[in-house]
Amino acid sequence: WSPKKDRAILKYLQDDNLRIFSAFFNGSSTQGIFLSPQISAIATSPDEDKIFYIIPAGETNVGVVASFEDKNKRQIISLPFGDFVASWPAKDLLSLTTRASASAEGFVYVLDVKNGSFKRALYGVKGMSVVWSPRTKKAIISGHANMGAIETAILDLDQKALSLISARTLAE
């Protein structure tokens, strides 16, 4: 959803084909455009009418910031692979998280939209899932600890801290 809640990104299957629709809501009507089905991750800005997506580009994948109409495109990163879960929790902060797997360690990367700085924020958690607090640099993280038990923690990027909490639950 856009900040004004008048635009949204919709992903659905139609005849076994992935469709990604950038919808514009005006009263009782819906208009919009179809985005490339090759987009592997997409997120909406919490403060502006912008989207971020990852799409293949030859031998690499690129991260692009654009309008909901897919105009004013600006490539902000090039990546060796594109299978991430994207989130845009704060104005200039994008998060790219590897998909959760009980058998593989997960990674959370943060990307500064303004200057393109790309840093690893957290790694080494199997089955990791991440949910960001809106408009902050804090996230709840869950994953498998020793012997498969679920652990839950709060990641605070400003404090550079990861604090375990007593609730053992999934971040979702």
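Residues numbered from 1 in each chain as written. Predicted model: local features only at pLDDT ≥ 70, side-chain atom pairs only at ≥ 80, totals over all residues. Heavy atoms only, no water.

**Student:** Any chance you could explain the packing of aromatic side chains here in plain terms?
**Tutor:** Each pair of aromatic rings is reported with the distance of its centres and the angle of its planes. Going through the model one piece at a time under the given rule, you end up with seven aromatic pairs. The interplanar angle of 5 degrees and the centroid separation of 6.0 Å between the aromatic rings of Phe 107 and Tyr 109 together place this pair among those described as stacked. Relative accessible area serves as the criterion here: at 23%, Phe 107 is assigned to the partly exposed category. Take Tyr 109: its relative accessible area is 18%, and that puts it in the buried class. Cluster of aromatic residues (ring-pair linked, three or more members): Phe 81, Phe 84, Phe 107, Tyr 109, Phe 118 and Tyr 123. A cation sits over an aromatic face here: Arg 19 above Phe 34, 3.9 Å from the ring centre. Stacked on the ring of Tyr 123, the Lys or Arg Arg 120 has its end atom at 3.9 Å from the ring centre. (Phe/Tyr/Trp six-rings, centres within 6.5 Å; stacked < 30°, edge-to-face > 60°. Buried < 20%, exposed > 50% of the residue type's maximum accessible area, 1.4 Å probe, protein only. Lys NZ or Arg CZ within 6 Å of the ring centre and 35° of its normal.)

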